[in-house]
Amino acid sequence: MDAFLLQQLINGLTLGAVYGLIAIGYTMVYGIIGMINFAHGEVYMISAYLCAIGLALLSFFGVHSFPLLIFGTLLFTVVVTAVYGWTIERIAYRPLRHSTRLAPLISAIGMSLILQNYVQLSQGPNQQGVPTLLTGVLRVEFDGGLVQITWTKLFILAAAFCGMALLTWIIQYTRLGRICRAVQQDRRMAAILGINTDRVISLVFVIGAAMAGLAGVLVT
C-alpha cells in the first residue's frame, strides 16, 4: 500500500464514521417502527446549524477554551437535536400510528419539507462556514510518500467510535436496550407484557436524532 492509498483510506474512514453515525440513528428508527423517517436527513442538517449557533453563543459569552467550546457545543447540539427527534415523533408519527402504513410516510415527507423550508427561511440560502478549531497536522512518511492526518480527523474518528461504543453498550447491556429489542421483535407482545411502547418509540427517535446531532457536530 503506497502513501496515496493510505491517505485515501484515512479520508474514507473519517467520512465513513460520520455516515455511520447518521445510519445508526436512521436504522434504529426503522428497526422499531418499520418505516422510513424521511426527516432524518433534515435533522442532521439542522444539527450542523446548531453547532455553528452553539459556537457563536459560547464565544459571545467569553468561552474560548477548546475543551469547553467543543464540550459545550456538543452538549447543546445533541440535546436540541434530540428534542427535534422527539417533536417529529409526536407530531408526524404518533397521531397516525394506528392508521394505514401510507399515512405516516406521507406525514414524514411533509415534515421533511417543513424542516427544509424552515431552515432556509431562518438561516438563509447561502452557505455558512465554521472556523476549524483544531489546526494541527500529523505528517508521517510512508513508502516513499507523505501521509497527512489532521487533528480534526483524529477527533472525528475518536468521537464517532465513542458514540458508537456507548450506543452499543446501551442496546446490549442496559434495561433500555432490552426493552428496545423487545419492542423491535414484537411490539404487540411487548405491550401485553407491560412495556410502554409509545415511550420506547419516542426514546428511539430521541437517540436516533442525538446520533445525527453528533454527526453534525463532527462534520461541522
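A. Structural context of the overall build of the chain. Along its length, the chain carries eight helices and two strands. Listing every helix and strand of the chain by position from the N terminus yields α-α-α-α-β-β-α-α-α-α. When its C-alpha atoms are laid out on the principal axes, the chain stretches across 65 × 40 × 30 Å. Buried residues in the chain amount to 35% of all 220 residues. In the chain, the share of contacts with a sequence separation of at least 24, taken over all contacts with a separation of at least 6, comes to 70%. If you sum the accessible surface of the chain, you get close to 12600 Å²; carbon and sulfur atoms cover 67% of it.

B. Quick peek at the packing of helix α2 (residues 40-60) against helix α3 (residues 66-93). For the pair α2 and α3, interaxial distance at closest approach is 8 Å and the crossing angle is 140°. Taken together, the axes of α2 and α3 are oblique relative to one another. As α2 runs across α3, the sense of the crossing is right-handed. Together, Val-43, Ile-46, Ser-47, Leu-50, Cys-51, Gly-54, Leu-55, Leu-58 and Ser-59 of α2 and Leu-68, Leu-69, Gly-72, Thr-73, Phe-76, Thr-77, Val-80, Thr-81, Tyr-84 and Ile-88 of α3 make up the contact between the two elements. Each residue belonging to the contact of α2 with α3 can be placed in one class, and the counts come to twelve nonpolar, seven polar and no charged.

C. Structural context of the pattern of salt bridges. In the structure shown here, the tally under the stated rule is three salt bridges. For Glu-89, the salt bridge goes to Arg-94, with nearest N and O atoms at 3.6 Å. Residue Arg-97 pairs with Asp-198 through a salt bridge whose shortest N-O separation is 2.4 Å. Taken together, the positions of Arg-97 in the loop between α3 and α4 (102-123) and Asp-198 in helix α8 (residues 197-219) put the pair 101 residues apart, joining distant regions of the chain. Given a relative accessible area of 30%, Asp-198 falls into the partly exposed group. Each of Glu-89, Arg-94, Arg-97 and Asp-198 takes part in a single network of salt bridges with overlapping partners.

D. The arrangement of the packing of aromatic side chains in detail. Within the structure shown, the criterion is met by two aromatic pairs. On the basis of an interplanar angle of 50° and a centroid distance of 5.1 Å, the ring pair of Tyr-93 and Phe-205 is categorised as tilted. In this pair, Tyr-93 sits in helix α3 while Phe-205 sits in helix α8, placing the two residues 112 residues apart along the sequence. You'll find Tyr-93 and Phe-205 in the same group, each marked buried.

E. Up close: the nonpolar core. Counting 40 residues, the largest nonpolar core has Leu-21, Ile-33, Ile-88, Tyr-93, Val-204 and Leu-218 as its most contacted members. Among the elements of the structure, α1 (3-33), α2, α3, α4, α5 (151-173), α6 (175-185) and α8 are those that each provide at least two residues to this core. By residue number, the principal contributor to this core is α8, which donates eleven residues. Here Ile-33 is in contact with Tyr-93, Arg-187, Ile-201 and Phe-205, once residues within four sequence places are set aside.

F. Spotlight on α3. Between the first and last C-alpha of α3 there are 39 Å, a value that for 28 residues agrees with the 40 Å anticipated at 1.5 Å per step. Looking at α3, one finds that the buried residues are Leu-69, Ile-70, Thr-73, Thr-77, Thr-81, Ala-82, Gly-85, Ile-88, Glu-89, Ala-92 and Tyr-93.

G. View of α1. With 31 residues, α1 ought to run about 45 Å at 1.5 Å a step, and its terminal C-alpha atoms sit 45 Å apart, in line with that. A positive phi of about 70° marks Gly-34, the residue just after α1.

H. Seen up close, the side chain of Thr-14. Counting through the fold element by element, Thr-14 comes out in helix α1. Among the residues examined, Thr-14 registers a relative accessible area of 8% and is labelled buried. Contact partners of Thr-14, with chain neighbours within four places excluded, come to Lys-153, Ile-156 and Leu-157.

Basis of the calculations
- Residues numbered from 1 in each chain as written.
- Predicted model: local features only at pLDDT ≥ 70, side-chain atom pairs only at ≥ 80, totals over all residues.
- Heavy atoms only, no water.
- Helix = DSSP H or I, 4+ residues; strand = E, 2+ residues; numbered from the N terminus.
- Buried < 20%, exposed > 50% of the residue type's maximum accessible area, 1.4 Å probe, protein only.
- Contact = heavy atoms within 4.5 Å.
- Areas by Shrake-Rupley, 256 points an atom, 1.4 Å probe, with all protein chains shown as cover.
- Axes fitted to C-alpha atoms, helices over the stretch in contact; angles between N-to-C directions.
- Parallel < 35°, antiparallel > 145°, perpendicular 65-115°, else oblique.
- Left-handed = near helix turned anticlockwise from the far one by under 90°.
- Nonpolar A, V, L, I, M, F, W, Y, C, P; charged D, E, K, R; others polar.
- Salt bridge = Lys/Arg side-chain N within 4 Å of Asp/Glu carboxyl O.
- Phe/Tyr/Trp six-rings, centres within 6.5 Å; stacked < 30°, edge-to-face > 60°.
- Core = buried A, V, L, I, M, F, W, Y, C linked by side-chain atoms within 4.5 Å.
- Expected span 1.5 Å × (residues − 1).

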